[in-house]
Amino acid sequence: MKKLLSIILSAFIMCTAAGAFAACGGEEQPQAPQPRDVVLADFETWAPSFQLMRLINGFGKVTRNSDEQFVRSGEYSAKLQPLGYYAQTTSPYLYFPTYSLRFGRDETDFRSAESISASMYCAQPQGEVTVGLIVSIASVSSAERVQETTFALKQGWNDIRYEIDLNILNIAYDVTLIQGVSFAFENAGSRDLADAPVYYMDDVVLHRAAENRELTDLVELGKYEICDFERLYQQYVISPSVDNPDCMPDIAVVTGEDGVAPSSGSKMLKIVTYPGSTREGSWPRITIPEKIMQRVFSSLTEEEKARGSVAFDVYNASDTPKIFYPEFYSEGGKDWDAHSFTSSPGRWVTFSVPISELNQRTVEMSGFWKIAWAEYLGEAQTFYFDNFRIEV
């Protein structure tokens, strides 16, 4: 009897030990999906970490570092000396592509993406870095950064964790085609590399969940509607695109205020613009994403395109006229078509341009719609935008 119990117990222990990969009957059990970490750059080798890195807006200098004081793991890190253009107050930035045919990398589908982490050593008493996502690459010197978050850095090592909000990202962009991860820095205001701050970067990692998230497409448009700010999701549609951080506008969807009523419906977009340090030193913009514009233009018939116009309304609450520059881009920002109009103080003004007068690639292969203004000196200025639409 004891011998029989011993045999049964031994068999039970063996089955339990093997249970992680097979049942006692010999059948394999399915493994639960596991979270996945993707190293975008660890700087241990030239390729792909340094080779794939892209430097934009007169970044400055990047070198390989072997001083172990400035290495978080392994034997090497990247030494960054961000400068930026001297004549323009643009922010220098670098990014790591999520796609490379040469290195067999395709991490563009972000449906399982949760966060980006990186180790940053700040060699000065303080500093900052702005992390974001690249949603389109127009050329070797131009890319579109979105959903940016700025991190204050203390002297020494800093562990950065950038959280990805897929729900918000999915409203305006194709989350299955995110093309890179960006790191932007303040403009040094100098041509001399000795004046650039010094940072060290190590271990840039994309953290993925075990499975893709189920995302709901919240975008709903009425006939000829682009953005009227009446729907809840539309408070997340318009985003700023700014090279000089001093010029970052405040953006909010509001009801009537200060005696200004919306030109359509009950809500409108309030934009407070801020001065910079150089007249026309940069061109701040607001952006309607290509996902919205593609849906709008693809819904139009050829007849509607032939006789229709793109329009919106703006109220100038400042005391001086303001010139705005609507810019229409093709997919990925590769072609663009610029226009201009002046908003007069104290009243609603409508901008309208016939679709037939636009670069047809911006219609047939729609991209972003941006509205730019020149960096200026002086005081903050307030404007209200409403009823981005097609008029037929």
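Keep in mind the model is a prediction, meaning the values are calculated, not measured.

1. Description of the overall build of the protein
And step 1. A count of helical and extended segments in the protein gives 6 helices and 23 strands.
And step 2. Taken across its 392 residues, the protein has 48% of its residues classed as buried.
And step 3. Looking at the protein alone, contacts between residues at least 24 apart form 77% of all its contacts between residues at least 6 apart.
And step 4. For the protein, the accessible surface area stands at approximately 19000 Å², while carbon and sulfur atoms represent 50% of it.
And step 5. One finds the centroid of the 33 positive side-chain charges in the protein at a distance of 4 Å from the centroid of its 53 negative side-chain charges.

2. What about the packing of aromatic side chains?
And step 1. The full count for this structure, using the stated rule, is 28 aromatic pairs.
And step 2. Chaining the aromatic ring pairs together yields one cluster made of Phe229, Phe312, Phe324, Phe328, Phe341, Phe351, Trp369, Trp373, Phe383, Phe385 and Phe388.
And step 3. Just above the ring of Tyr76 sits the side chain of Arg64; from NZ or CZ to the centre is 3.6 Å.
And step 4. Note that Lys370 overlies the ring of Phe368, its terminal NZ or CZ placed 5.1 Å from the centroid.

3. Some words on the nonpolar core
And step 1. Counting 42 residues, the largest nonpolar core has Ile164, Phe183 and Val204 as the members making the most contacts within it.
And step 2. Put simply, the parts of the chain that give this core at least two residues each are strand 1 (36–41), strand 4 (77–82), strand 5 (93–97), strand 8 (113–139), strand 9 (142–163), helix 3 (166–172), strand 10 (180–184) and strand 11 (199–208).
And step 3. For this core, the element with the most residues is strand 8, which contributes 9 residues.
And step 4. When residues no more than four places from it in sequence are discounted, the contact partners of Val204 are Val38, Val39, Leu40, Ala41, Phe43, Phe96, Ile116, Ser117, Ala118 and Phe183.
And step 5. Grouped together as the second largest cluster of nonpolar side chains are 36 residues, Phe328, Ile371, Trp373 and Phe385 included.

4. Section: the pattern of salt bridges
And step 1. Going through the model one piece at a time under the given rule, you end up with 18 salt bridges.
And step 2. Residue Glu304 is joined to Lys223 by a salt bridge in which the shortest nitrogen-to-oxygen separation is 3.4 Å. Placement of Glu304 in helix 5 (residues 302–307) and of Lys223 in the loop between strand 11 and strand 12 (225–227) is noted, with a sequence separation of 81 residues between them.
And step 3. Taken together, the shared-partner salt bridges in this structure form one network comprising Arg36, Glu107 and Arg208.

5. Some details on the environment of Leu153
And step 1. Positionally, Leu153 belongs in strand 9.
And step 2. A sequence separation of 47 residues divides Leu153 from Tyr200, and the C-alpha atoms of the two residues are 12 Å apart.
And step 3. Once residues lying within four places of it in the same chain are set aside, the contact partners of Leu153 are Met120, Cys122, Gln126, Gly127, Glu128, Val129, Asn158, Ile160 and Tyr199.

6. What about the side chain of Ser77?
And step 1. Residue position: Ser77 is located in strand 4.
And step 2. Its relative accessible area of 0% is what places Ser77 among the buried residues.
And step 3. A distance of 2.7 Å separates a polar side-chain atom of Ser77 from the backbone oxygen of Phe70.
And step 4. Apart from residues no more than four positions distant in its own chain, Ser77 is found in contact with Phe43, Phe50, Thr63, Arg64, Asn65, Phe70, Val71, Tyr200, Met201 and Asp202.

7. A short note on the confidence of the model for the protein
And step 1. When pLDDT is averaged across the protein, the result is 91; 92% of the residues are at 70 or more.
And step 2. Taken together, the stretch residues 1–25 has pLDDT below 50 and engages in 10 contacts with residues farther than four places along the chain or on a different chain.

8. Some words on the environment of Ala143
And step 1. In this structure, Ala143 sits in strand 9.
And step 2. Each C-alpha atom of the pair Ala143 and Ile56 lies 8.5 Å from the other, and the pair is 87 residues apart in sequence.
And step 3. The residues contacting Ala143, other than those within four sequence positions of it, are Tyr93, Tyr95, Ile134, Ser136 and Ile137.

9. Quick notes on unusual backbone geometry
And step 1. With an omega of 5 degrees, the peptide bond between Ala47 and Pro48 qualifies as cis.
And step 2. Inspection of the secondary structure puts Pro48 in helix 2 (residues 46–52).
And step 3. In this structure, Gln147 is a non-glycine residue whose phi angle is positive, near 45 degrees.
And step 4. Inspection of the secondary structure puts Gln147 in strand 9.
And step 5. Here Asp203, not a glycine, exhibits a phi torsion of approximately 55 degrees, which is positive.
And step 6. Within the secondary structure, Asp203 sits in strand 11.

10. Brief notes about the side chain of Arg145
And step 1. Along the chain, Arg145 falls in strand 9.
And step 2. What Arg145 contacts, discounting residues up to four positions off in sequence, is Tyr93, Leu133, Ile134, Ser182, Ala184, Val242 and Asp243.

Calculation criteria
Residues numbered from 1 in each chain as written. Predicted model: local features only at pLDDT ≥ 70, side-chain atom pairs only at ≥ 80, totals over all residues. Heavy atoms only, no water. Helix = DSSP H or I, 4+ residues; strand = E, 2+ residues; numbered from the N terminus. Buried < 20%, exposed > 50% of the residue type's maximum accessible area, 1.4 Å probe, protein only. Contact = heavy atoms within 4.5 Å. Areas by Shrake-Rupley, 256 points an atom, 1.4 Å probe, with all protein chains shown as cover. Lys, Arg positive; Asp, Glu negative; His and termini not counted. Charge placed at Lys NZ, Arg CZ, Asp CG, Glu CD. Phe/Tyr/Trp six-rings, centres within 6.5 Å; stacked < 30°, edge-to-face > 60°. Lys NZ or Arg CZ within 6 Å of the ring centre and 35° of its normal. Core = buried A, V, L, I, M, F, W, Y, C linked by side-chain atoms within 4.5 Å. Salt bridge = Lys/Arg side-chain N within 4 Å of Asp/Glu carboxyl O. Polar contact = N/O pair within 3.5 Å; in protein donor to acceptor, adjacent residues only side chain to side chain. pLDDT = per-residue confidence, 0-100.

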